Amino acid sequence: MKRIKASSLRWVLYVSQRFSRIDQRSRFAMTSVLPSVGIGFGVMALIIILSVMNGFQLESIESILEISSYHIRAVPGTYESSEVLLSKSLKEPMVTSINPFYEAQGLLVGRNGRQSAALIRAIDHRQMYDDEGFAKQLQIYSGSFDLYTPRSIVLGSTLARNLGLRVGDSVNILALSGGADVDLFSENRIFTVTALFSCGYGDINAAFAFIPIEDGKELFGKNSVPSYGIKISNKDHDERIMQKLSASLDSVHFESWRSFNRSFFGALRVEKNILMMLALLIFVVVAVNIFNGMRRMVYERREEICVLSALGSSSSSIQLIFILQGLIIGLSGAVPGLLLGLFMSVNIDSVFILISKISYFFQYMSASLFNPESLSYIIRNSTYTFYAGIPARVYGNEVVFITLFGLLSSVSAAWLASTKVLTFKIAEVLRDE
């Protein structure tokens, strides 16, 4: 498209505005209204979907980082290198906490011989109070996080349910991995359940068990060296901190949260990208609709186009008239969709509660009309209540991308449809009409 002078934009805007006003009162009204509604719903739906998905994913990610993998895991080769690691880490301004721990795979036996595999992690009792992220994500819903007492254990909610255990019950670590001086099977590793916890990631609830670090030293073998979980003020600076620490600690193996959870985070990324691609198909469908409608509109206005060309207007200026109409269609849909999407994302808890009430109402009315005997069994779906408890996370870059993509789909469709303008021959059209 040729370059258009700034002086020509005034009449282009005027003609585009006149065409839009006429179209709103003609049979072309639905050509602009329906695509605008489609773009609006597409923008709104994508913002809500991604915001809710971000909330789901971040609940799991934060639980993994704060409880399972830490920001950096350090595995010293000897006790001497452990002392050096502690002193170096505590001098680093960005390090907020460093916690020693032992861990091993185990088989727990609970009530009535019920068994379940678990990851046994021995930690210092002060971690609950020194590590704010750990304390925030590890929600104790029964008992108290008491690892002062020897032979005490804290279980995940799903793990405790699988074993049939409550606070105060006893559990035996029947099998335990470790060094050569560790008994693989034993019926004397009896622990008392002091608390049950729950977090935002189901695998941690189903597998993790915490015991005092003193018991870990005893159970995991005399030659076992503790690992260290390092938390930093900004998890995105993990590589820089690892480089600074590893420069003077050759015997310590460092692993970032990125590499430790690479497969899981990769799966989340693929899931999010696929869902986004599927949702973006809304804009493709709307763009095709705009293209067909605009193409028909250009053909119906061929007389006006040729008159404007005969008066000296360039084809690029006339084409810009229809591109501006596509931009108006996109803006009239994207802006309301953006505002509605942000509003509903911020108030997503109220939205899910409202959906729960509406669903319950229709179930109740249907049962009242067709099966009154089952009214006592009609209850509200607890899934919506669970969803309402997860906060949506709105990211500015995603919102901008979605809105611009909606606008781009509309403008691109209008541009492709308006290329028909370049093929009209003025003399033939005016002669025929």
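Here's a quick rundown of the structure. Since the model is a prediction, treat every value here as computed from it, not as a measurement.

**Some remarks on the environment of Phe-361**
Then step 1. Note on placement: Phe-361 falls in helix H14 (residues 348-370).
Then step 2. When its relative accessible area of 47% is taken as the criterion, Phe-361 is described as partly exposed.
Then step 3. Remark: the alpha-carbon pair of Phe-361 and Ile-378, spanning 17 residues in sequence, is separated by 9.8 Å.

**A short note on the nonpolar core**
Then step 1. By size, the foremost hydrophobic cluster in this structure holds 27 residues, and its most contacted members are Ile-39, Val-43, Leu-46, Phe-283, Ile-290, Met-294 and Ile-402.
Then step 2. For this core, the secondary-structure elements that each account for two or more residues are helix H2 (29-69), helix H11 (262-300), helix H13 (315-346) and helix H16 (396-418).
Then step 3. Sort the elements by how many residues they give to this core and H11 lands first, with ten residues.
Then step 4. In terms of nonpolar packing, the next biggest core, distinct from the first, is built from 24 residues, Tyr-102, Ala-118, Leu-159 and Ile-213 among them.

**A closer look at the packing of H13 against H14**
Then step 1. Closest axis-to-axis distance for the H13/H14 pair is 4 Å, and the angle between their directions is 80°. When the axis of H13 is compared with that of H14, the two are roughly perpendicular. Packed against H13, whose contacting residues are Met-344, Ser-345 and Val-346, the element H14 presents Ile-348, Asp-349 and Val-351 at the interface.
Then step 2. Here the contact of H13 with H14 is composed, by residue class, of four nonpolar, one polar and one charged.

**A word on a nonpolar patch on the surface**
Then step 1. A surface patch of nonpolar side chains, amounting to about 520 Å² of accessible area, comprises Val-270, Ile-274, Leu-278, Leu-281, Val-284 and Val-288.
Then step 2. For Val-270, a relative accessible area of 47% puts it in the partly exposed group.

Cut-offs applied
- Residues numbered from 1 in each chain as written.
- Predicted model: local features only at pLDDT ≥ 70, side-chain atom pairs only at ≥ 80, totals over all residues.
- Heavy atoms only, no water.
- Helix = DSSP H or I, 4+ residues; strand = E, 2+ residues; numbered from the N terminus.
- Buried < 20%, exposed > 50% of the residue type's maximum accessible area, 1.4 Å probe, protein only.
- Core = buried A, V, L, I, M, F, W, Y, C linked by side-chain atoms within 4.5 Å.
- Axes fitted to C-alpha atoms, helices over the stretch in contact; angles between N-to-C directions.
- Parallel < 35°, antiparallel > 145°, perpendicular 65-115°, else oblique.
- Contact = heavy atoms within 4.5 Å.
- Nonpolar A, V, L, I, M, F, W, Y, C, P; charged D, E, K, R; others polar.
- Patch = residues over 30% accessible without salt bridge, like charges linked within 9 Å, V, L, I, M, F, W, Y side chains within 5 Å.
- Areas by Shrake-Rupley, 256 points an atom, 1.4 Å probe, with all protein chains shown as cover.
- Salt bridge = Lys/Arg side-chain N within 4 Å of Asp/Glu carboxyl O.

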